[in-house]
Amino acid sequence: MPPRHARTLAATVTAACLALGAAGTALATDHPAPARPAVTATAPAPTALGSNWYAAAPYLMPLDNDPPDAGAVMDATGLKAFQLAFVLAPNGGGCSPTWDGLHPVASDTAVVGVISTIRAKGGDVSASIGGYNGTKLGQACGTPEATAAAYQQVIDKYGLKALDFDLEEPEYENTAAIHNEIGAAKILQRQNPGLYLSVTTAGTADGTGWFGKQMLNEAKSQSFVPDNFSIMPFDGGFTGAAAQTSALTNFNAVLRSTFGWDEATAYAHEGISQMNGRSDTGEFFTQADFQTVLDFATSHHMARLTNWSVNRDRQCTPPDNNGRTSGTCSSVPQGAWDFTKFSVKFAGATPPTTPPTTPPTTPPGGSCAASPYSAGTVYVGGDTVSANGHTWKARWWTQGEAPSTGGSGVWQDLGAC
């Protein structure tokens, strides 16, 4: 799945289940079907985290792109916060929040489980609104007030202390939608004192494009100032870190001219969202590029440093370091979670230097009940194998792709044997 589309919504899932309710309708009016209890699962209260962690939270899709175990990522890197993506309007229309346009927030239990795992380890999450594809709530809701009410449901459901407005195409080309989004953000800022708010938009060589500048003008007209305005300097002809830091310098000038800030104040409201590894347009950003950008961000006292995404922060299996862009691996040589560790450094923490758990000592297959994986065997959906001390289940037809949490995502890790 192309990652730019995957970073916005679970595009491979279809909404084909809308007719299920008809079969269960009571045939006799004197025997009505009992009402179903409302799903009220909510996440536990968050740990008190400093804003530095929300400013460093990398994006994680909790329901798509082969999501890794967030707790394991925290153990391996020292990370404490994730940016969960994406909250959208329902694919079928309406002004109620969903994950990826498919999963209503009101009845969600899956994301509650992810958040519970993170909070049990002393971490927390922010939710990201919007993204590159799908219908945004700013488009579907008629007013800033209605848009804010939809987002308030997300805040209340998960007890959020942070929110990211990812405003990009095609939504940011819609003047009314951007008016609703910025207006909603201002309302939420007032209704939820202390709520950490970031606004993320496209990056260009001169900082941000025409629509990004119009979004900033809308924020100025509404007297709205978030914790940061972040740009995404990738997918726009960027070559490594030098092009990115140049864009950040130019974006600083845009913020100064828009809001009348001096340079230091502008940097204190400026952030960056990077794409680790191979971008959608074939740009490559390595660990060395991330280090250069980190040095620039910290030396200029920037407000935010994040990246897309934790789902992609692992080497492809088999390694594919040139040919494709994936939503589940980086397409560059790396160790697991190499890029996430830059977020930890930006937050002011030191990533662990040794693995927190002992690697399995059993040979591939170990004491697993399933047969050991064989590269020459054809596997179909539902087949199970053993490899590296874990049991794995094939999601669809595959041959020659060794079990891992990366690659095409064909293998589901069922856990250690």
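Details of the structure are given in the entry above.
The following refers to the structure shown. Computed from a prediction, not measured in an experiment: that's the story for all the values here.

**Looking at the state of the cysteines**
Argument step 1. Within the structure shown, the criterion is met by 2 disulfides.
Argument step 2. Across a sulfur-sulfur distance of 1.9 Å, cysteine 95 and cysteine 141 are joined as a disulfide pair. The disulfide joining cysteine 95 to cysteine 141 has a torsion of about 105° about its S-S bond and is therefore right-handed. Pair noted here: cysteine 95 is in the loop between β2 (81-88) and β3 (98-99) and cysteine 141 is in the loop between α6 (137-140) and α7 (144-158), with a separation of 46 residues, a long-range link.
Argument step 3. By relative accessible area, cysteine 95 is classed as partly exposed at 30%.

**Here's the deal with the nonpolar core**
Argument step 1. If you look at the biggest cluster of nonpolar residues, it comprises 94 residues, and the most contacted ones within it are Phe82, Tyr158, Leu163, Phe165 and Phe229.
Argument step 2. Residue contacts for phenylalanine 165: discarding those within four places in its chain leaves Ile129, Tyr151, Glu181, Ala185, Leu188, Leu197, Ser198, Val199 and Thr200.
Argument step 3. Counting 8 residues, the second largest nonpolar core, distinct from the first, contains Tyr379, Val385, Ala387 and Val410.

**Re the pairing of strand β6 (residues 162-166)**
Argument step 1. Summarising burial for β6: 5 of the 5 residues are buried, a large majority.
Argument step 2. Burial along β6 is two-sided: Ala162, Asp164 and Asp166 and Leu163 and Phe165, pointing in opposite directions, are all buried.
Argument step 3. In the sheet, strand β5 (residues 124-130) pairs with β6 via 4 bridges, with the strands oriented parallel. Across the sheet, the residue bridging to glycine 130 is aspartate 166, located in β6.
Argument step 4. Pairing geometry for β6 and strand β7 (residues 196-202), over 5 bridges, is parallel. Of the residues in β7, the one forming a bridge with phenylalanine 165 is valine 199.
Argument step 5. At this point the chain moves from β6, through helix α8 (residues 175-191), to the parallel β7, and the crossover so formed is right-handed.

**With respect to the pattern of salt bridges**
Argument step 1. Enumeration over the complete set of coordinates arrives at 5 salt bridges.
Argument step 2. Here lysine 121 and aspartate 75 are joined by a salt bridge, their closest N and O atoms 3.0 Å apart. Linking lysine 121 in the loop between α5 (110-120) and β5 with aspartate 75 in helix α4 (residues 70-77), this pair joins segments that are 46 residues apart in sequence.
Argument step 3. Residues aspartate 124 and arginine 119 are paired through a salt bridge, measuring 2.8 Å at the closest nitrogen-oxygen approach.

**A few points about the sheet that holds strand β13 (residues 384-387)**
Hydrogen bonds between backbone groups are what pair the strands of a sheet, and the pairing can be parallel or antiparallel.
Argument step 1. Reading across from one edge, β13-β14-β15 is the order of the 3 strands in this open sheet, with antiparallel pairing throughout. On the outer flanks of this sheet lie β13 and β15 (411-416), each paired with one strand and no other. Within the sheet, the average angular offset between the axes of one strand and its neighbour, ignoring direction, is 30°.
Argument step 2. Judged from the 5 bridges that link them, strand β14 (residues 390-394) and β15 form a sheet pairing that is antiparallel. The partner of lysine 393 across the bridge, within β15, is glutamine 412.

**Some details on the packing of α7 against α8**
Argument step 1. Closest axis-to-axis distance for the α7/α8 pair is 8 Å, and the angle between their directions is 55°. On the basis of the axis angle, α7 is oblique to α8. Seen from above, α7 lies across α8 with right-handed handedness. Here Pro144, Glu145, Thr147, Ala148, Tyr151, Gln152 and Ile155 of α7 come into contact with α8, specifically with His179, Asn180, Glu181, Gly183, Ala184, Ile187, Leu188 and Gln191.
Argument step 2. Considering only residue class, the contact of α7 with α8 consists of 7 nonpolar, 6 polar and 2 charged.

**Some words on the side chain of asparagine 252**
Argument step 1. You can see asparagine 252 is positioned in helix α10 (residues 240-259).
Argument step 2. Exposure remark for asparagine 252: the relative accessible area of 0% places this residue in the buried category.
Argument step 3. A distance of 3.3 Å separates a polar atom in the side chain of asparagine 252 from the backbone oxygen of glutamate 263.
Argument step 4. Setting aside chain neighbours within four positions, we find asparagine 252 in contact with Glu263, Ala266, Tyr267 and Glu270.

Reading guide: rules and limits
- Residues numbered from 1 in each chain as written.
- Predicted model: local features only at pLDDT ≥ 70, side-chain atom pairs only at ≥ 80, totals over all residues.
- Heavy atoms only, no water.
- Disulfide = S-S within 2.5 Å.
- Helix = DSSP H or I, 4+ residues; strand = E, 2+ residues; numbered from the N terminus.
- Buried < 20%, exposed > 50% of the residue type's maximum accessible area, 1.4 Å probe, protein only.
- Core = buried A, V, L, I, M, F, W, Y, C linked by side-chain atoms within 4.5 Å.
- Contact = heavy atoms within 4.5 Å.
- Pairing = 2+ DSSP bridges.
- Right-handed = clockwise from strand over helix to strand, strands pointing away.
- Salt bridge = Lys/Arg side-chain N within 4 Å of Asp/Glu carboxyl O.
- Axes fitted to C-alpha atoms, helices over the stretch in contact; angles between N-to-C directions.
- Parallel < 35°, antiparallel > 145°, perpendicular 65-115°, else oblique.
- Left-handed = near helix turned anticlockwise from the far one by under 90°.
- Nonpolar A, V, L, I, M, F, W, Y, C, P; charged D, E, K, R; others polar.
- Polar contact = N/O pair within 3.5 Å; in protein donor to acceptor, adjacent residues only side chain to side chain.

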